[in-house]
Protein chains: 2
Amino acid sequence: MAETELQPREDEDAVREEGEEFDEDNRLKPAFVDSVREALEAEDDSRAYELVEPLHPADIADLLELLSETERRELAAAISDLMTSEVIAELNDYVRESMVEALPAAAVAEIAEQLDTDDAVQLIEDLDDEDQKAILAEMDADDRAIIESALSYPEETAGRLMQRELVAVPENMTVGDLIDYLRDNDDMTTEFWEVFIVDHRHHPIGTCQLSWILRCPRHIPLLDVMKRDQTLIPVDMDQEEVALRFQKYALISAAVVDESGRLVGQLTVDDIVHIIQEEAGEDALLMSGAGEGDINEPLRDAYSARVRWLVANLGTAVVASAIIAMFGAAIEQLVALAVLMPIVASIGGNAGTQTMAVTVRAIAMNQLTRSNTRRLVLRELKVAMMNGATIAVLIGIATALIFTPQLGGVIAAAMVINIIVSGMAGVLVPVVFDRLDQDPAVASSVFVTMITDSMGFFAFLGLAVATGLVG
Amino acid sequence: MAETELQPREDEDAVREEGEEFDEDNRLKPAFVDSVREALEAEDDSRAYELVEPLHPADIADLLELLSETERRELAAAISDLMTSEVIAELNDYVRESMVEALPAAAVAEIAEQLDTDDAVQLIEDLDDEDQKAILAEMDADDRAIIESALSYPEETAGRLMQRELVAVPENMTVGDLIDYLRDNDDMTTEFWEVFIVDHRHHPIGTCQLSWILRCPRHIPLLDVMKRDQTLIPVDMDQEEVALRFQKYALISAAVVDESGRLVGQLTVDDIVHIIQEEAGEDALLMSGAGEGDINEPLRDAYSARVRWLVANLGTAVVASAIIAMFGAAIEQLVALAVLMPIVASIGGNAGTQTMAVTVRAIAMNQLTRSNTRRLVLRELKVAMMNGATIAVLIGIATALIFTPQLGGVIAAAMVINIIVSGMAGVLVPVVFDRLDQDPAVASSVFVTMITDSMGFFAFLGLAVATGLVG
């Protein structure tokens, strides 16, 4: 699909050194962005072009993301021939989607035809069915077939991510045959880091890193150079699992095989790093209930993701309130209880969140299995006891001094109980959700919060009554 | 340093397909781990060896991590010749450190000499100065010099991460010259994905992907194949920045240069994916105050990281308590205030955490700069108003029905105020810390929590008094 050149020397502009457009973190300087904005405002397209022209495609994409929606459209029009497929591929999903929706189907089809399969799929997979059909109708039959086949795999699987372009050769070649074959085929991809050796059924039987080929004399058979053992990625494997394999086995590229074991595509690590980043970063967002958490996400999506979670937490807060209500008489009698009770709940909540964050991450990294869960629970119990003891002493002494020693004792005991309960909830809730095949990052927070809040109030107020502090 | 073979066919065992040792997530099955445990318990070393022998080094590392410290040592002894440098390199930092500390210096030196520079550095960088010196003293002078030079760079910089082994050639070579050079040098690394072209001062002037070399006829000069523009990594660049460059520019490898611009090493993406994963995943841990959050971290480190944060939050909780104390008389008069006030604080806290998670991530991804901060603040203000309105209606009606309409009005108004304040705090606190060059993930939580807690109580109780609900 992508036409590639034999000598790719000029096909891409990378930033050699930090130019004056960049700050020390390699972000575009506000002053630079402002001058682009000014050029757009003055409708000085050639000035805008001149400013943007030296940038790497990834930086042009960054620039577009920094601009408002109107400015984006103006800039895209002003620099239309710099709006290459690389720029489109580098854009944030939401920004790309909104820009693509504004283009006619024929223009999108033209861009898609220039992209590698995986980027072309990404370009159109989030569009409405109708828009997708319109764009596919404008494409070459061959390209259309490839895209349709990719779209037939579920979202976020290897089949969606893979490139069809790869180098696969039969097992009877020598190193010299392979080099000649590569030199003779002008329309082949240049984006490959290993060569796959296949049998007559097109099943992969081995793989050669390019460095191995370059280091060997021409007469050596590929069978003697290749490594037989390789990590094969099933076409329906989830992208998170793919990312973990790449990381665990330090892969640069990997063969993707269909159900019958035929080589159907390859995945390269430069496409996977985005997924590693995404999957590793999303837990913080999921645990806070912030949904996708992308600053380019449309307002209504951000609202609907977040409000759902706030409503769920309203439910847990009401449970906590109901517990407080049970102790209304005690609070009326001793208002210091109302003053102090949020401290117990708040610290318990923090302790629970800490343990939950650690557990969710260990699960995501495949570090926590049935084989070591007991060890982790014991470890967290010990940490919770140490934390509980420390905080209990601090708050107990302060309360004893400001209020009464008896109240100090009650809050200290409640604190120990709540930190231990929270710590255990922080481990056990995600573990249980994981065993039920639910994403622990999404589901755990609401339950852990409910437990830590309710238990904080219950332990403190309950102990106050039970010890006869209030009657 | 690492001796590599011309034909690496046999130098590594990768898992071709999921064997029976693995579950559907490619984790070692508990039953498999148990059978290893049983073999160790029965002191049946040959059985343990037989079980472990088919595993990939990365899986042997996983297995060691799943075992307890005693079991680890027993297994390492039982499978000593499977404990290759690859296994050591794949081990979790804490597990490696504890295992290495148990070995004599000469044994560690021997392992280090087999590793690539970057792995050897990782092996010894976390040890005590004394242990480091003892190990270095046991090494070859050449290897020692390389390690000492790497250790001279600050931790978590490119200088620590880079491999010294790379392929750099002068600019006057042709493709054929390069291939001959690669074939003639047996002791060269096979771990390279591009060739760096350097001038007489050893400054990089261009780079060639191996696929480009394989696709060109022998007589073509490298100057015509290479790409001049490339991303050069300064030796003192922070690893987080390095990871962002690799991701942004889709790099497979990159040249590392010293202050004078000389090529001193290379970084390859398989070493960077761990950092991308680490840096992206650590924000959830940092925001919760869980420190490193590694389940293998020693107990005292986990305790000290977490308790510090709990004590800080004890401080913020005390501020919130002080605000409640100001309204002691009002609570005595109307105990429903004490029942409902945690709801306002809790939902505000959640709303603040959501916004903070989104902002911290946008900052980490270099998506948020001065150029679009205003836009994000406005966006978050809108989301907060929508969320505030929704939750206010729900809690307002429920409170009006259960308690009084007036109390319903007060809690609804307090909820809107608190969600908006929390949303703004969630954006502005991390942005301010970022501009002060503090890590927003670490510093923001305590401040956002303080603002959301205090403001929740103050808005609710203050409004109750101000509206004359209580006197």
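For clarity, every value in this text was computed on a predicted model and none was experimentally measured.

**A few points about the overall build of chain A**
Move 1: When helices and strands are counted, chain A shows 22 helices and six strands.
Move 2: Scaling as 2.2 N^0.38, a compact globule of 471 residues should have a C-alpha radius of gyration of about 23 Å, whereas chain A reaches 29 Å, well beyond that.
Move 3: Each principal axis of the C-alpha distribution contributes one length, and for chain A these read about 90 × 65 × 45 Å.
Move 4: When burial is assessed residue by residue, chain A has 60% of its 471 residues classed as buried.
Move 5: Taking as baseline every contact in chain A between residues at least 6 positions apart, the subset at least 24 positions apart corresponds to 66%.
Move 6: Carbon and sulfur atoms make up 52% of the accessible area of chain A, which amounts to about 18200 Å² in all.
Move 7: A gap of 10 Å separates the mean positions of the 32 positive and 85 negative side-chain charges of chain A.

**Quick word on the domain arrangement of chain A**
Move 1: Under the domain assignment used here, chain A contains domain 1 (8–157), domain 2 (168–284) and domain 3 (298–466).
Move 2: Of note, the centres of domain 1 of chain A and domain 3 of chain A, computed from C-alpha atoms alone, are 46 Å apart.

**Comments concerning the pattern of salt bridges**
Residues and elements named next belong to chain A.
Move 1: Evaluated as defined, the whole model comprises 31 salt bridges over all chains.
Move 2: Between R96 and D93 there is a salt bridge; the shortest N-O distance is 2.6 Å. Taken together, the positions of R96 and D93, both in helix α6 (residues 93–101) and three residues apart, correspond to about one turn of that helix.

**Some thoughts on the nonpolar core**
Move 1: Formed by 80 residues in total, the largest nonpolar core has its most connected members in I331, M415 and F460 of chain A together with I331, M415 and F460 of chain B.
Move 2: Residues contacting F460 of chain A, with those up to four places away along its chain left out, are L337, L340, M341, V344, L407, V410, I411 and A414 of chain A.

**A few points about the relation of the copies chain A and chain B**
To go from the first copy of the chain to the second, apply a rotation about an axis and then a shift along the same axis.
Move 1: Placing chain A over chain B gives an RMSD of 0.0 Å and needs a rotation angle of 180°, together with 0.0 Å of translation along the axis. In symmetry terms, the pair is related by a two-fold rotation axis. Residue A284 of chain A, judged by its C-alpha, is the member of chain A lying nearest the rotation axis, at 2.2 Å.
Move 2: With an isologous cut-off of 70% or more, the 100% of interface residues of chain A that recur at the interface of chain B puts this contact in the isologous class.

**Quick notes on the pairing of strand β6 (residues 263–268) of chain A**
Residues and elements named next belong to chain A.
Move 1: Burial runs high along β6: six of the six residues are buried.
Move 2: With five bridges joining them, strand β5 (residues 253–257) and β6 adopt antiparallel strand pairing. Note that in β6 the partner of V256 across the bridge is G265.
Move 3: What sits between the antiparallel neighbours β5 and β6 is a turn of five residues, in which G261 has the positive phi angle 90°.

**Observations concerning the interface of chain A and chain B**
The figure often quoted for interface size is the accessible area lost as the parts come together.
Move 1: Counting residues at the interface gives 153 residues for chain A and 154 residues for chain B.
Move 2: For the chain A and chain B pair, buried surface summed over both sides reaches about 13800 Å², with 59% attributable to carbon and sulfur atoms.
Move 3: In this structure, the connection of chain A to chain B is made through eight salt bridges.
Move 4: Notably, a salt bridge pairs R27 of chain B with D434 of chain A, separated by 3.8 Å at the nearest N-O pair.
Move 5: The leading source of residues in the side of chain A that touches chain B is helix α19 (residues 336–364) of chain A, at 17 residues.

**Topic: the pairing of β5 of chain A**
All names here are of chain A.
Move 1: Among the five residues of β5, five are classified as buried, and the element is accordingly described as predominantly covered.
Move 2: The side-chain alternation of β5 yields two buried faces, one formed by S253, A255 and V257 and the other by A254 and V256.
Move 3: Sheet topology places strand β4 (residues 233–234) next to β5; two bridges connect them, and they run parallel. Looking at β5, one finds that I233 is bridged to V256.

**What to know about a negative patch on the surface**
Residue and element names in this part refer to chain A.
Move 1: Among the surface-exposed residues, D126, E155, E156, D238, E240, E278, E292 and D439 lie close enough to one another that they form a single negatively charged patch.
Move 2: With respect to the secondary-structure elements, D238 resides in the loop between β4 and α15 (239–248).
Move 3: Judged by its relative accessible area of 35%, D238 falls in the partly exposed class.

**So, empty space enclosed by the protein**
Move 1: Per the counting criterion, the structure on display carries eight cavities of 30 Å³ or more.
Move 2: Here the largest cavity is characterised by a volume of approximately 830 Å³.
Move 3: As for the largest cavity, its lining consists of 36 residues, of which G349, N350 and T353 of chain A together with N350 and T353 of chain B are closest to the centre.
Move 4: Every element with two or more residues in the lining of the largest cavity is listed here: α16 (269–288), α19 and α22 (440–466) of chain A together with α16 (269–288), α19 (336–364) and α22 (440–466) of chain B.

**Focus: unusual backbone geometry**
Residues and elements named next belong to chain B.
Move 1: Residue H202 is not a glycine yet carries a positive backbone phi of 65°.
Move 2: Relative to the assigned elements, H202 resides in the loop between β2 (194–198) and β3 (204–209).
Move 3: Positive phi outside glycine occurs at D437, with the angle close to 65°.
Move 4: Turning to its location among the elements, D437 is positioned in the loop between α21 (405–435) and α22.

**Thoughts on the sheet that holds β5 of chain A**
Residue and element names in this part refer to chain A.
Move 1: The three strands lie next to each other as β4-β5-β6, forming an open sheet whose pairing is mixed. Taken across any chain shown, the strands that pair with only one partner, and hence form the sheet edges, are β4 and β6.
Move 2: Against the sheet, α15 contacts β4, β5 and β6, and its axis sits at roughly 65° relative to β6.

**Overview of the UniProt feature "transmembrane region" (unreviewed entry) in chain A**
Residue and element names in this part refer to chain A.
Move 1: Mapped onto this numbering, the UniProt entry annotates "transmembrane region" (unreviewed entry) at residues 309–331, 337–363, 384–404, 410–433 and 445–470.
Move 2: Counting secondary structure, residues 384–404 comes out at 90% helix and 0% strand; the distance between its end C-alpha atoms is 26 Å.
Move 3: The span residues 445–470 is 85% helical and 0% strand by assignment, and the distance between its end C-alpha atoms comes to 33 Å.

**Some details on the state of the cysteines**
Move 1: Within the structure shown, the criterion is met by zero disulfides over all chains.
Move 2: The thiol of C208 of chain B is unpaired, and the distance to the nearest cysteine sulfur, on C216 of chain B, comes to 7.9 Å.

**A look at the packing of aromatic side chains**
What characterises a pair of aromatic rings is the spacing of the ring centres plus the angle enclosed by the ring planes.
Residue and element names in this part refer to chain B.
Move 1: Inspection of every chain in the model, using the stated rule, returns four aromatic pairs over all chains.
Move 2: Aromatic pair F327 and F458: ring centres 6.2 Å apart, planes at 65°, arrangement edge-to-face. A residue pair is termed long-range when its members are at least 10 positions apart, and F327 in the loop between α17 (299–326) and α18 (328–333) and F458 in helix α22 qualify at 131 residues.
Move 3: Accessibility expressed as a relative area gives 10% for F327, which makes it buried.
Move 4: A relative accessible area of 41% means that F458 is categorised as partly exposed.

**Some thoughts on the packing of helix α17 (residues 299–326) of chain A against helix α20 (residues 373–402) of chain B**
Move 1: One can describe the packing of α17 of chain A onto α20 of chain B by two numbers: an axis separation of 10 Å at closest approach and a directional angle of 35°. Judged by the twist between their axes, the crossing of α17 of chain A over α20 of chain B is right-handed. Listed contacts from α20 of chain B to L299, A302, Y303, R306, V307, L310, V311 and L314 of chain A of α17 of chain A are R379, E380, K382, V383, M386, N387, T390, I391, L394 and I395 of chain B.
Move 2: Taken together, the residues of the contact of α17 of chain A with α20 of chain B sort by class into twelve nonpolar, two polar and four charged.

**Let's talk about helix α7 (residues 105–114) of chain B**
Residue and element names in this part refer to chain B.
Move 1: Turning to α7, its buried residues number three or more, namely V108, A109, I111 and A112. Each buried residue of α7 lies within a common arc of 165° when the element is viewed along its axis, so the set occupies one face.
Move 2: Against the buried residues of α7 lie α5 (85–90), α6 (93–101), α8 (117–125) and α9 (129–137).

**A closer look at the side chain of S211 of chain B**
Move 1: Mapped onto the fold, S211 of chain B is located in helix α13 (residues 210–215).
Move 2: Residue classification places S211 of chain B among the buried positions, given a relative accessible area of 1%.
Move 3: Apart from residues no more than four positions distant in its own chain, S211 of chain B is found in contact with T190, F192 and L210 of chain A.

**Regarding the sheet that holds strand β6 (residues 263–268) of chain B**
Residue and element names in this part refer to chain B.
Move 1: In space, the three strands of this open sheet follow the order β4-β5-β6, with mixed pairing throughout. In this open sheet, the two strands that pair with only one neighbour each are β4 (233–234) and β6.
Move 2: Running at roughly 65° to β6, helix α15 (residues 239–248) makes contact with β4, β5 (253–257) and β6 of the sheet.

**What about the environment of P217 of chain A?**
Move 1: Locating P217 of chain A in the fold gives a position in the loop between α13 (210–215) and α14 (222–225).
Move 2: Assessed through its relative accessible area of 31%, P217 of chain A is described here as partly exposed.
Move 3: Between the C-alpha atoms of P217 of chain A and G176 of chain A, which are 41 residues apart in sequence, the distance is 7.6 Å.
Move 4: With residues near it in sequence (within four places) discarded, P217 of chain A still touches V175 of chain A together with R183 of chain B.

Calculation criteria
Residues numbered from 1 in each chain as written. Chains lettered and ligands numbered in written order. Predicted model: local features only at pLDDT ≥ 70, side-chain atom pairs only at ≥ 80, totals over all residues. Heavy atoms only, no water. Helix = DSSP H or I, 4+ residues; strand = E, 2+ residues; numbered from the N terminus. Rg over C-alpha atoms; globule rule 2.2 N^0.38 Å. Buried < 20%, exposed > 50% of the residue type's maximum accessible area, 1.4 Å probe, protein only. Contact = heavy atoms within 4.5 Å. Areas by Shrake-Rupley, 256 points an atom, 1.4 Å probe, with all protein chains shown as cover. Lys, Arg positive; Asp, Glu negative; His and termini not counted. Charge placed at Lys NZ, Arg CZ, Asp CG, Glu CD. Domains from an automatic or database assignment. Salt bridge = Lys/Arg side-chain N within 4 Å of Asp/Glu carboxyl O. Core = buried A, V, L, I, M, F, W, Y, C linked by side-chain atoms within 4.5 Å. Least-squares fit on C-alpha atoms with pLDDT ≥ 70 in both. Pairing = 2+ DSSP bridges. Buried area = accessible area lost by both parts, 1.4 Å probe. Patch = residues over 30% accessible without salt bridge, like charges linked within 9 Å, V, L, I, M, F, W, Y side chains within 5 Å. 1 Å grid on protein atoms, 1.4 Å probe; cavity = no way out; pocket = protein on both sides within 12 Å on 5 of 7 lines; lining within 4 Å. Points joined across faces, edges and corners; volume = space filled by probe spheres on them. Axes fitted to C-alpha atoms, helices over the stretch in contact; angles between N-to-C directions. UniProt positions renumbered as here; feature names shortened; annotations may be inferred. Disulfide = S-S within 2.5 Å. Phe/Tyr/Trp six-rings, centres within 6.5 Å; stacked < 30°, edge-to-face > 60°. Left-handed = near helix turned anticlockwise from the far one by under 90°. Nonpolar A, V, L, I, M, F, W, Y, C, P; charged D, E, K, R; others polar. Arc of directions from axis to C-beta.

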